[in-house]
Amino acid sequence: MNPGLTKTFTAGGAISKRRLLKLSADGTVIQATGATDAIIGVSDMSADVANIGDRVDVRLGGIAEIDVGGAITRGALITSDANGKAVAAAPAAGVNNRTAGVGFVTYANGDIGDFQLTIGSLQG
């Protein structure tokens, strides 16, 4: 068990479990859709999908399981792909990526990985 700081939010759209999330304009949470999104945490729920208006537990700190959307090397910072899955943060020169954490091992697309949540940003 990896307890961490968890807060309950309202879903602003369909959310899959183990996905990176951001706040929407109305204060609900929605899946992150890219490396520049202000990621706040990870959906940590028992159901596979939450629908708009549902309550969603969001892991804000600690270690969280996240669906992996591409190759991630152990120790690399992660960000979101278009589906809220973890991918390696690799911003181009002068571009900023919002980061969500770091992985403990190397992961491939389709894995479910354990990540230490550390919200931040990285400039290329």
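This text goes with the structure placed above it.
Residues numbered from 1 in each chain as written. Predicted model: local features only at pLDDT ≥ 70, side-chain atom pairs only at ≥ 80, totals over all residues. Heavy atoms only, no water.

Q: How should the nonpolar core be read in this particular structure?
A: A general trend in soluble globular proteins is that nonpolar side chains are found buried together. In this structure, L20, V42, I66, I72, I78, A86 and F115 are the most contacted members of the largest nonpolar core, which totals 14 residues. Secondary structure elements with two or more residues in this core: β5 (39-43), β8 (62-67) and β12 (112-123). When near neighbours in sequence (up to four residues on either side) are disregarded, V42 contacts R18, R19, L20, L21, D57, V58, R59, A64, E65, I66 and L117. F9, I15, I40 and V58 belong to the second-largest nonpolar core, a separate cluster that totals 10 residues. (Core = buried A, V, L, I, M, F, W, Y, C linked by side-chain atoms within 4.5 Å. Buried < 20%, exposed > 50% of the residue type's maximum accessible area, 1.4 Å probe, protein only. Helix = DSSP H or I, 4+ residues; strand = E, 2+ residues; numbered from the N terminus. Contact = heavy atoms within 4.5 Å.)

Q: I would appreciate a short explanation of the layout of surface pockets in the present structure.
A: One number sums up the size of the largest pocket: a volume of about 210 Å³. Lining the largest pocket are 12 residues, with R18, D44, R59, A64 and E65 positioned closest to its centre. Contributions of two or more residues to the lining of the largest pocket are made by β5 and β8. When residues in the lining of the largest pocket are grouped by element, the largest group, three residues, is from β8. Residue composition of the lining of the largest pocket, grouped by class: four nonpolar, two polar and six charged. (1 Å grid on protein atoms, 1.4 Å probe; cavity = no way out; pocket = protein on both sides within 12 Å on 5 of 7 lines; lining within 4 Å. Points joined across faces, edges and corners; volume = space filled by probe spheres on them. Nonpolar A, V, L, I, M, F, W, Y, C, P; charged D, E, K, R; others polar.)

Q: Help me out: how do you make sense of the pattern of salt bridges in this one?
A: Opposite charge on two side chains makes pairing possible when the charged atoms of those side chains draw close. One pass over the structure, following the stated rule, counts five salt bridges. Between D67 and R19 there is a salt bridge; the shortest N-O distance is 3.1 Å. Here D67 is found in strand β8, whereas its partner R19 is found in the loop between β2 (15-16) and β3 (20-23), with 48 residues between them in sequence. On the basis of relative accessible area, D67 is assigned to the buried category, the value being 11%. Classification of R19 as buried rests on a relative accessible area of 13%. Where D44 meets R59, a salt bridge forms, and the shortest distance between an N and an O atom there is 2.9 Å. Of the two residues, D44 is situated in the loop between β5 and β6 (49-50) and R59 in strand β7 (residues 55-59); the sequence distance between them amounts to 15 residues. Its relative accessible area of 33% is what places D44 among the partly exposed residues. (Salt bridge = Lys/Arg side-chain N within 4 Å of Asp/Glu carboxyl O.)

Q: Sorry, what's going on with the sheet that holds β5 here?
A: Within a sheet, neighbouring strands are paired by backbone hydrogen bonds and run either parallel or antiparallel to one another. If you trace the five strands from one edge of the open sheet to the other, you get β1-β7-β5-β3-β4, paired in antiparallel fashion. Edge positions in the sheet fall to β1 (6-10) and β4 (29-31), since each has one partner strand and no second. For this sheet, the mean angle separating the axes of adjacent strands, direction not counted, is 50 degrees. Two strands pair when backbone bridges link them, and β3 and β4 are joined in this way by three bridges, in the antiparallel orientation. If you follow L23 over to β4, its bridge partner there is V29. (Pairing = 2+ DSSP bridges. Axes fitted to C-alpha atoms, helices over the stretch in contact; angles between N-to-C directions.)

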